[in-house]
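# Results of the structural survey
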There are 2 protein chains.
Amino acid sequence: MSKYAAPLTDMRFVLYDVLGAEALFARLPGGEATTRDVVDAVLDEAARFNEQVLAPLNQSGDQEGCHFADGVVTTPKGFKEAYAQFCDGGWAALNAPEQYGGQHMPEAIGAVVKEMIDSANLSWGNYPLLSHGASEALKQHGEEWQREVFLKPIVSGKWTGTMCLTEPHCGTDLGLLKTKAEPNADGTFRVSGTKIFITAGEHDFTDNIVHLVLARLPDAPAGTKGISLFIVPKFKVARDGTVGERNALACGSIEHKMGIKASSTCVMNFDGAEGYLIGQPNKGLNAMFTMMNTARIAVGYQGLALTERAYQNSLAYARDRLQMRSLSGPKRPDKPADPLIVHPDIRRMLLTQKAFAEGGRVLGYYAATLVDIGERSEDAAERQRADELLGFLTPIVKALLTETAQECTYNAMQIFGGHGYVAEWGMEQFMRDARITTIYEGTTQIQALDLLGRKIMQLQGAGLRHFVEDISTFCHEQQANAGLIEFIKPLAELTQEWIGLTQEIGKKSMSDAEELGSAAVDYLFYAGYISLAYFWARSVAAADASTSHSAEFKQSKRLTARFYYSRLLPRTRGHIAAIRAGAESLMAMPDALFG
Amino acid sequence: MSKYAAPLTDMRFVLYDVLGAEALFARLPGGEATTRDVVDAVLDEAARFNEQVLAPLNQSGDQEGCHFADGVVTTPKGFKEAYAQFCDGGWAALNAPEQYGGQHMPEAIGAVVKEMIDSANLSWGNYPLLSHGASEALKQHGEEWQREVFLKPIVSGKWTGTMCLTEPHCGTDLGLLKTKAEPNADGTFRVSGTKIFITAGEHDFTDNIVHLVLARLPDAPAGTKGISLFIVPKFKVARDGTVGERNALACGSIEHKMGIKASSTCVMNFDGAEGYLIGQPNKGLNAMFTMMNTARIAVGYQGLALTERAYQNSLAYARDRLQMRSLSGPKRPDKPADPLIVHPDIRRMLLTQKAFAEGGRVLGYYAATLVDIGERSEDAAERQRADELLGFLTPIVKALLTETAQECTYNAMQIFGGHGYVAEWGMEQFMRDARITTIYEGTTQIQALDLLGRKIMQLQGAGLRHFVEDISTFCHEQQANAGLIEFIKPLAELTQEWIGLTQEIGKKSMSDAEELGSAAVDYLFYAGYISLAYFWARSVAAADASTSHSAEFKQSKRLTARFYYSRLLPRTRGHIAAIRAGAESLMAMPDALFG
């Protein structure tokens with residue numbers, strides 16, 4: 001069975017040393033409640049809960065899966081009880097506003113806890129995850145009574161939430177959706193239609209489930225401009241909070257999936273179910289994007305979390321398993337063979353995981369600090385800058401951390417050899433679970449179009465400009481630091497190249513719109529690898545400057561950064577060449593000639 | 001459910017137009033039996049069998065899996081009957097020598113049939129695959145009576161074979177193996193030990209199973225120089241062929257795996273089982289490598305086969321599924337949205353699969369023609385050259401075709417979006433099945449060391465020299481061909497770079513043995529991508545020269561080659577940079593500082 005220990009030392013290093021979270025929390029309103037002592041205690045307790053309660057249910061949950069019969073979903077053994085403990089511990093309320101019963105801890109703390117949950121048990125983590133998205137939508141778009149009635153029980157964990165977007169004929173393309181909402185005389189609506197791939201659409205954790213459903217009002221315009229959002233609870237809820245009879249909605253079936261088998265993925269049938277409009281009519285996509293952006297970053301953390309757990313286990317195995325002698329002579333002559341870790345390519349696969357886990361952690365938590373600044377700062381300009389940076393980084397966090405999770409869970413299994421392929425060791429589950437993360441909440445392709453098409457081209461690249469400015473400032477600050485020059489020099493050069501490449505693509509796409517789509521995915525990786533290079537350079541600088549970390553810790557950071565710069569960052573060469581090959585290389589083939 | 005149609009047009013194009021198999025077969029002894037008419041009829045019949053008999057059992061076999069109880073393995077519904085049809089059709093005997101009941105068709109024909117089998121049903125294909133390896137070992141190392149008694153029933157399909165190498169503490173490192181073989185007075189041996197991961201170790205296809213087992217004789221030297229190979233049948237067989245009582249061996253359990261669930265992967269316990277020595281005492285590894293090399297190329301075909309089937313299905317889906325409008329304006333204004341295939345990144349993912357499937361097919365079948373030349377040519381120098389080329393290409397075939405299968409089955413699922421992640425469509429099975437192919441019969445890491453360490457450095461690169469010579473000859477022949485210059489120029493340049501890079505690594509590894517292991521995997525990919533570039537250039541030249549293929553077919557080849565050169569071949573830039581980063585980037589980290 002695979003193990004998990006929360007990497008608290010590195011988590012704290014990233015939070016405090018690299019990102020300066022202590023000072024950040026202190027200067028944001030509410031900071032008096034998030035001193036380092038408090039945060040450290042929260043993280044210790046989170047580690048305990050995740051290591052001891054959730055992690056042991058990961059493999060058994062995968063093996064048992066969810067059960068479905070007559071519209072009822074039963075989660076695997078222990079899942080429901082773990083959820084009760086989760087709520088009792090106040091974890092459901094961690095980031096929610098105090099007025100709705102939350103603890104209003106910064107999102108950066110939530111990010112650390114989220115990483116732990118997903119490392120411990122990704123399938124389980126999907127139940128509270130969807131509540132988080134629904135909370136955000138209610139917080140930002142709900143009327144006050146809706147927040148009172150629906151948000152409070154979600155914050156306490158008494159109820160959970162869902163996002164009902166996808167329909168059989170439309171996933172990415174929500175403009176095609178058909179679910180209808182017809183007004184009743186009392187101001188409620190009758191919602192009818194079929195939604196698929198609804199995570200946590202039905203389960204046995206709670207008595208009620210609050211579905212947030214995209215649907216069309218009568219006479220709504222066609223396409224995405226005619227979509228509204230509705231609150232449709234499993235059991236009807238009156239405006240005063242009274243829970244009534246069962247609503248006209250049901251889970252029709254659950255999907256049999258490659259992974260996240262303990263997470264219920266439901267077909268939800270709405271048959272004139274009673275619901276309330278949330279936000280403005282026909283503006284449902286705005287509210288949906290509120291949920292979606294939160295969920296996208298959260299899925300990025302899922303990738304990070306699986307990379308971390310895969311790394312821990314493959315590292316332990318590489319130290320333990322004896323196989324072959326080192327090419328440069330026996331390293332453990334006392335043993336019948338050397339441990340796997342002496343072999344260069346095993347080290348390459350380990351270091352790749354380490355570089356993506358630790359570098360990805362800085363990227364991921366950094367995004368969370370931007371959420372906090374965007375929500376809490378009293379300086380409007382700072383809030384706007386943080387929002388623009390966050391908008392720019394969200395597709396990178398989502399796509400890069402999930403795509404690298406594919407590679408890292410692959411590497412971890414490869415280190416285990418045949419033992420990785422059998423269920424017993426738990427490594428193959430990580431690959432199966434990871435596979436969904438580049439698909440749900442917007443595929444890598446959609447993230448890439450969001451990054452290049454919307455965040456850079458449409459919004460004139462405000463977020464990119466801020467980010468490049470931050471990199472330049474950092475490089476400038478560190479230019480006299482002899483210990484950092486090996487990273488600063490290539491980073492500064494690549495950043496210049498990045499700006500030039502972005503302009504190149506912009507120019508080409510003015511005469512051919514397909515240039516954008518043709519460059520997008522390679523551009524996302526290219527941008528992602530440079531972003532990680534920046535965060536790795538910052539990590540080395542922060543480690544060097546730290547007075548609380550050991551010389552070994554500092555050396556480990558430096559050598560990992562060096563590995564990243566020399567072995568992974570050169571992948572930008574392949575991506576830039578592919579981008580420059582242009583649309584022609586993809587669009588020239590007539591559809592009929594593909595095969 | 002996923003579909004499969006044997007890509008006969010491309011298979012024949014590769015065989016006849018690119019590789020000139022018609023002329024090759026004609027000039028090799030026995031060629032009168034393999035005229036184009038005969039071969040075409042064989043391929044048509046193979047396509048029918050695989051499409052109609054094996055393919056429909058692929059998904060049901062995955063869902064049902066193998067059953068195990070009291071040492072008995074029951075294969076999924078329909079598997080046993082399909083095997084009977086396979087034997088009745090003479091497929092088990094396709095490549096075997098006529099004197100043992102075989103049809104002695106060239107391996108190049110076997111490769112095409114093998115690709116079809118693995119596309120149709122990879123799990124099922126593993127049962128006859130292991131027989132093929134055992135046949136080769138018996139053919140090359142068995143005594144005449146052993147061939148009579150054991151090879152003939154394997155050739156007819158009446159019995160199957162296995163390769164029993166791995167033990168719980170040793171997979172890659174066979175020097176550690178502990179299974180013992182003690183001589184009996186009658187010249188037989190008592191074999192005792194536990195073998196794991198034995199594919200087709202137990203099943204219900206046949207009455208008897210012929211295990212080829214690596215074990216140590218008493219007083220054998222330690223390590224790999226003390227390993228011998230034994231024939232240990234499930235039911236005892238006398239030298240005259242009489243089948244006797246059950247032997248002292250049993251299947252202890254079967255593995256629960258990520259994929260190839262319908263292929264039985266057995267723990268085999270030998271408890272003084274009666275066996276015969278095959279080949280020389282303590283020379284078992286030689287015989288084992290005979291089986292292994294055959295199996296490695298066959299696993300390469302498994303990767304190719306999954307790439308092909310994933311491509312077929314994702315292409316059909318991309319043409320059918322309507323989602324979003326093209327960035328350059330609606331392409332199907334009559335429909336509610338455009339088909340996926342209009343979107344550039346969908347095309348990138350399709351073309352990547354097409355380029356690896358069709359280019360990989362040339363590489364794979366080319367290796368098979370080398371087997372035929374090496375076995376059949378009457379010119380000793382030609383045989384030797386073919387053997388050296390084959391030895392050099394075997395790790396590339398194995399590793400490149402299986403690693404690209406990971407990427408291609410990933411791409412195919414990504415095109416399906418959420419629908420790819422659910423079992424219903426069958427796409428996730430391809431990823432799960434593909435995952436074992438980079439592990440079994442030697443991991444990618446082992447292939448890379450075999451290529452760079454053994455085939456290039458130890459053998460002074462004879463195979464590489466021949467291959468580079470062939471590329472140079474081709475480039476020279478085509479230099480006046482204006483239609484080919486776009487490929488010939490970069491190919492010639494890269495080939496020069498390849499030679500230089502190989503010398504660089506050789507020089508560095510003289511002072512530091514770790515340089516070899518540090519470069520190996522990146523070198524394998526680098527070499528693999530250039531090899532495919534060569535085969536793609538040859539494919540375009542062959543298509544242009546063909547009088548039997550349509551203008552559309554020729555255009556499709558050219559545009560795919562162009563895609564390959566502009567979008568995939570640049571990956572060599574990342575690999576060469578990683579190689580040049582040297583051993584330092586991997587070896588500098590002290591083991592204790594990994595985490």
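All figures in this text were calculated on a predicted structure; none of them were measured in a lab.

A few words now on the overall build of chain A. Per the secondary structure count, chain A includes 19 helices and 11 strands. The C-alpha atoms of chain A give a radius of gyration of 24 Å, which matches the 25 Å a tight globule of 595 residues would have. By principal-axis analysis of the C-alpha atoms, chain A measures approximately 80 × 60 × 60 Å. Here chain A holds 595 residues, and 67% of them are scored as buried. By sequence separation, contacts in chain A at least 24 residues apart represent 74% of the contacts at least 6 residues apart. Accessible area of chain A: about 19800 Å², with a carbon and sulfur share of 53%. Positive and negative side-chain charges of chain A, numbering 58 and 70 respectively, have mean locations separated by a distance of 4 Å.

Located in the positive-phi region is A200(B), a residue other than glycine, with phi close to 60°. Mapping A200(B) onto the fold places it in the loop between β5 (189-199) and β6 (209-215).

Interface size is commonly expressed as the accessible area that is lost once the parts come together. Contacts between chain A and chain B engage 92 residues on the former and 92 residues on the latter. Carbon and sulfur atoms supply 60% of the area buried between chain A and chain B, which totals about 8000 Å² over both sides. Together, Y421(A), R567(A) and F594(A) form the three largest contributors to the area buried by chain A at its contact with chain B, with a combined 12%. Remark: the boundary between chain A and chain B carries 4 salt bridges.

For any pair of aromatic rings, the description rests on two quantities: the centre-to-centre distance and the angle between the ring planes. Taken as a whole, this structure holds 58 aromatic pairs over all chains when the rule is applied. When the ring of Y83(A) is compared with that of F86(A), the centres are 6.1 Å apart and the planes differ by 25°; the resulting orientation is stacked. On the criterion of helical spacing, the pair formed by Y83(A) and F86(A) is a turn pair, its members being 3 residues apart in helix α5 (residues 79-88). Under the relative-accessibility criterion, Y83(A) is labelled buried at 3%. By relative accessible area, F86(A) is classed as buried at 4%. Through a chain of ring-to-ring contacts, three or more aromatic side chains come together here, namely Y366(A), F392(A), F467(A), F474(A), W498(A), Y534(A) and F535(A). Here the basic side chain of R36(B) rests over the ring of Y16(B), its NZ or CZ set 3.7 Å away from the ring centre. The side chain of R246(B) reaches across the aromatic face of F235(B), ending 5.7 Å from its centre.

On to the pattern of salt bridges. All names here are of chain A. Counted under the stated rule, the structure contains 78 salt bridges over all chains. D544 serves as the salt-bridge partner of R558, at 2.9 Å between the closest nitrogen and oxygen. Taken together, the positions of R558 in helix α17 (residues 551-568) and D544 in helix α16 (residues 514-545) put the pair 14 residues apart, joining distant regions of the chain. The class of R558 is buried, set by a relative accessible area of 18%.

Laying chain A over chain B is done by rotating through 180° and shifting 0.0 Å along the axis; what remains is an RMSD of 0.0 Å. Taken together, these values place the two copies in the relation of a two-fold axis. Comparing interface residues between copies, 100% of those in chain A also sit at the interface in chain B, which points to an isologous, same-surface contact.

Residue and element names in this part refer to chain A. As assigned here, chain A comprises domain 1 (8-146), domain 2 (159-284) and domain 3 (445-583). With centres defined by C-alpha atoms, the gap from domain 1 to domain 2 works out at 24 Å. A combined buried area of about 2600 Å² lies between domain 1 and domain 2, and 69% of that area is made up of carbon and sulfur atoms. The largest share of the area that domain 1 buries against domain 2 comes from Y127, L130 and W145, three residues that together contribute 24% of it. Across the contact surface, domain 1 and domain 2 share 0 salt bridges. Linking domain 1 to domain 2 there are 10 residue pairs in polar contact (both at pLDDT 80 or more). Among the secondary structure elements, those contributing two or more residues to the side of domain 1 that touches domain 2 are α4 (58-64), β1 (67-69), β2 (72-74), α5, α6 (107-141) and α7 (144-156). The greatest single-element share of the side of domain 1 that touches domain 2, amounting to 11 residues, is contributed by α6. Split into classes, the residues belonging to the side of domain 1 that touches domain 2 amount to 14 nonpolar, 12 polar and 3 charged.

In this structure's numbering, the residues bearing the UniProt feature "domain: Acyl-CoA oxidase/dehydrogenase middle" (unreviewed entry) are residues 163-271 of chain A. Between the end C-alpha atoms of residues 163-271 of chain A the distance is 17 Å, and the span holds 0% helix and 47% strand.

All right, on to the packing of helix α9 (residues 344-376) of chain A against α16(A) then. All names here are of chain A. Closest axis-to-axis distance for the α9/α16 pair is 9 Å, and the angle between their directions is 90°. Taken together, α9 and α16 sit at an angle that is classed as roughly perpendicular. The residues of α16 that touch α9, namely those facing K354, A355, F356, E358, G359, G360, V362, L363 and Y366, are Y529, L532, F535, W536, R538 and S539. Classifying every residue of the contact of α9 with α16 gives 9 nonpolar, 3 polar and 3 charged.

What counts as what
Residues numbered from 1 in each chain as written. Chains lettered and ligands numbered in written order. Predicted model: local features only at pLDDT ≥ 70, side-chain atom pairs only at ≥ 80, totals over all residues. Heavy atoms only, no water. Helix = DSSP H or I, 4+ residues; strand = E, 2+ residues; numbered from the N terminus. Rg over C-alpha atoms; globule rule 2.2 N^0.38 Å. Buried < 20%, exposed > 50% of the residue type's maximum accessible area, 1.4 Å probe, protein only. Contact = heavy atoms within 4.5 Å. Areas by Shrake-Rupley, 256 points an atom, 1.4 Å probe, with all protein chains shown as cover. Lys, Arg positive; Asp, Glu negative; His and termini not counted. Charge placed at Lys NZ, Arg CZ, Asp CG, Glu CD. Buried area = accessible area lost by both parts, 1.4 Å probe. Salt bridge = Lys/Arg side-chain N within 4 Å of Asp/Glu carboxyl O. Phe/Tyr/Trp six-rings, centres within 6.5 Å; stacked < 30°, edge-to-face > 60°. Lys NZ or Arg CZ within 6 Å of the ring centre and 35° of its normal. Least-squares fit on C-alpha atoms with pLDDT ≥ 70 in both. Domains from an automatic or database assignment. Polar contact = N/O pair within 3.5 Å; in protein donor to acceptor, adjacent residues only side chain to side chain. Nonpolar A, V, L, I, M, F, W, Y, C, P; charged D, E, K, R; others polar. UniProt positions renumbered as here; feature names shortened; annotations may be inferred. Axes fitted to C-alpha atoms, helices over the stretch in contact; angles between N-to-C directions. Parallel < 35°, antiparallel > 145°, perpendicular 65-115°, else oblique.

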